[in-house]
Every structure is written in C-alpha cells, then in structure tokens.
Amino acid sequence: MAAPRATVPRPAPAPRRRFGARERHDFLVFLAFAAPNILLIVAFTYRPLLSNIYYSTLNWTLGAATAVPVGFDNYARFFTSPDTGEIARVTAIFTVATVGGSMVLGLLIALALNRKVRGVGFARAAVFSPFVLSGVGVGLIWVFMFDPTLGVFAAVLRAVGLDSPQWFNDPSLSLVMVIIVYVWKNMGYAAVIYLAGLQAIPRDLMEASSIDGAGRLRTFWSITLPLLSPTTFFLLVTSVLNSLQAFDIIRIMTPLGRGTTTLIYDAYLQAFGGYNRAGYSATVSTVLFALLVLFTAIQMLVLERRVHYR
C-alpha cells in the first residue's frame, strides 16, 4: 500500500500594495510636470500627423472650401507617376552623399582636433559654428560663392584660365552644389560628437596597443573605430533623419528644384510651388514619414547588433 503523499503548503499570496497618499502625491506631481509637455506633443506633433494622413485621402487645393475624398487614389498616382523614380533617385543620392560625407569628414576632423595643442579650443568652435548658423543664411552666402559670373569660385577658376561650371543650369551640378553646402554645414556636428567619443576611450588601451607595437593605423582600426561604434550608430540614425528632412538649403539655392527635388521638397512644390495639390502633397509627406520610420527601425534592429557597448 502506497504511503499518502505529503501536502506542501502553498505560500500565502503577497498583499496588494495600496495606492497610498504618498503614491497619489507623487503621481500628481508627475502629472503637473508631464501633462503640459504631453499636451504640446499631442497638439503639435501627433494631431498634425493624423491630420496629414487624413488629408492624403482627399483631392483638395489650398484655400478651397470643399475637398473630395478619393481614398488611396493619391497613393496610386504617386507610385505610378513617372516622376517618382527620379525623385527617389535624387533623395537616395542626396541622403547617402550627405550622411557619408559629413560622418567621414567629421571623424577625420575629430581625430585632428583630439590633441592638446595651442588654439585647439578655437579650432573646435570654428568647426562647429556652421552647424548653428541658419540654413537660409548659409544658402544665400553659398549662392553668391557659386555664382558663375560674380562668385568666388568663378574668380579662382578664371585666375587659372578655366571657366566656371553652370551650377544652377545643370541639374546634376545643382545636386552636387547642394550636397557640398549641406556637408559643409553639418560636418562640424559629426566632428563634435566623434570628438566626445574619442575622449571617452580609455587611455590605457591606447598605451597598451603602443606597448604591443601596434602602429597608428592598426590602433585606429582595431581599437578606436570599434569603440566608436555607439557614436557612429547614433550619428547614422540622426544624420539619416536630418538629411531626409533637409529643406532650407535646397529651397534657397535651387528654388525650382531642378535636379534637387527630394521627397520633402516635392511635398513643398506640390502644395506651394504652383501645382496647388495639397492632398497629393500630404500623400508625399506621409510616404516620407513611413520611410523615416522604416529606416529608423532597420537601423535599430539590424545595425545596433554590431555596436560594441563597453
């Protein structure tokens, strides 16, 4: 006959934590500080976003009292338009060139400024200063510099017996011109972020590599660059988002968008540039928003795995 099984007493359930006076007080303090910010974000970010998605389903012109719902016709027109391929190509070239150029040049400048020499503080400020300047002011200054008749570059080329390229008439040169200005304006931001990452690298690792006989190039590829991967990842995410939303320099330097029509600039042209198609402009903006979310998700899910956090 089998012996009776001993019953194991179950532990008493933990008493529920009551929402006491202290917790209510902390929650009310949290609401007092967070509620204004939450309301502002909802009013000026999420509400316009939802409104834009709704407008993308309308056939509507700015100033019109009525709008005709068309469903997804605007999206079908966008994806079947012969201009969409060219706009996507220009957007891709502009984004890759500006992100890559600003990050590579920023890293090289940061390596040069990561030294204790006289005047390095002034040099760091001078490198970063273009980033804080107004894009409109930067665009206006560089318009005169690229002017094929009166510009600085034209004068330099004439001095050596060469003619100035027609930057504003050739669409391919217009895109190159805008890329140069955008990289010049934003490489200081990348340099400062990279400089902070370089100064956070432990000095003992550099000294150990020097004792082991590693040269500067070997130290850079094997130690410096892997330890800068969190900084590179942060810059990649923010730079891609900023480049896809670049507008002011393109608007000032190439108002007609000849060769420089990116997605965000096409959205502007559709609503305010003579086409007078606000509903279609909202469609382009919604597609751009979807691309921003998609690129950010890909970078967070795929590229972050290769980041070496120390």
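A few points about the overall build of the protein chain
Each helix and strand in the protein chain was counted, giving 13 helices and two strands. Its C-alpha atoms give the protein chain a radius of gyration of 27 Å, clearly above 19 Å, the size a compact globule of 310 residues would have. Across its three principal directions, the C-alpha atoms of the protein chain cover 110 × 75 × 50 Å. Burial status across the protein chain gives 32% buried among its 310 residues. Here the analysis covers contacts within the protein chain between residues at least 6 apart in sequence; of these, 68% occur between residues at least 24 apart. Total accessible area on the protein chain stands at roughly 19,800 Å², and carbon and sulfur atoms take up 67% of it. Of the side-chain charges in the protein chain, 25 are positive and 14 negative, and the distance between the mean point of each set is 12 Å.

Overview of the layout of surface pockets
In this structure, the largest pocket spans a volume of roughly 650 Å³. Arg115, Met206, Arg216, Thr219 and Thr224 are the residues nearest the centre of the largest pocket, which is lined by 18 residues in total. Elements that contribute at least two residues to the lining of the largest pocket include exactly α8 (203–211) and α9 (216–227). Its residues assigned to classes, the lining of the largest pocket comprises eight nonpolar, six polar and four charged.

Overview of the nonpolar core
Membership of the largest hydrophobic core comes to 27 residues, with the highest contact counts inside it found for Phe78, Tyr194, Leu228, Leu235, Leu263 and Val284. If you list the elements that add at least two residues to this core, you get α2 (73–80), α3 (82–113), α7 (171–199), α9, α10 (229–244), α12 (263–272) and α13 (278–301). Once residues lying within four places of it in the same chain are set aside, the contact partners of Leu228 are Leu107, Tyr194, Gly197, Leu198 and Ile201. Core analysis: the second largest hydrophobic core is formed by 19 residues, Phe94, Met177, Ala246 and Met253 among them.

Some points on the packing of aromatic side chains
Under the definition given, this model contains 18 aromatic pairs. Their ring planes at 40 degrees and their centres at 5.7 Å tell us that Phe128 and Phe131 sit as a pair that is tilted. Linking Phe128 with Phe131, this pair stays in helix α4 (residues 120–132), spanning three residues, or about one helical turn. When the centroid spacing of 5.6 Å and the interplanar angle of 35 degrees are considered together, the rings of Trp142 and Phe146 count as tilted.

Quick notes on the rules
- Residues numbered from 1 in each chain as written.
- Predicted model: local features only at pLDDT ≥ 70, side-chain atom pairs only at ≥ 80, totals over all residues.
- Heavy atoms only, no water.
- Helix = DSSP H or I, 4+ residues; strand = E, 2+ residues; numbered from the N terminus.
- Rg over C-alpha atoms; globule rule 2.2 N^0.38 Å.
- Buried < 20%, exposed > 50% of the residue type's maximum accessible area, 1.4 Å probe, protein only.
- Contact = heavy atoms within 4.5 Å.
- Areas by Shrake-Rupley, 256 points an atom, 1.4 Å probe, with all protein chains shown as cover.
- Lys, Arg positive; Asp, Glu negative; His and termini not counted.
- Charge placed at Lys NZ, Arg CZ, Asp CG, Glu CD.
- 1 Å grid on protein atoms, 1.4 Å probe; cavity = no way out; pocket = protein on both sides within 12 Å on 5 of 7 lines; lining within 4 Å.
- Points joined across faces, edges and corners; volume = space filled by probe spheres on them.
- Nonpolar A, V, L, I, M, F, W, Y, C, P; charged D, E, K, R; others polar.
- Core = buried A, V, L, I, M, F, W, Y, C linked by side-chain atoms within 4.5 Å.
- Phe/Tyr/Trp six-rings, centres within 6.5 Å; stacked < 30°, edge-to-face > 60°.

Keep in mind these values describe shape, not function.
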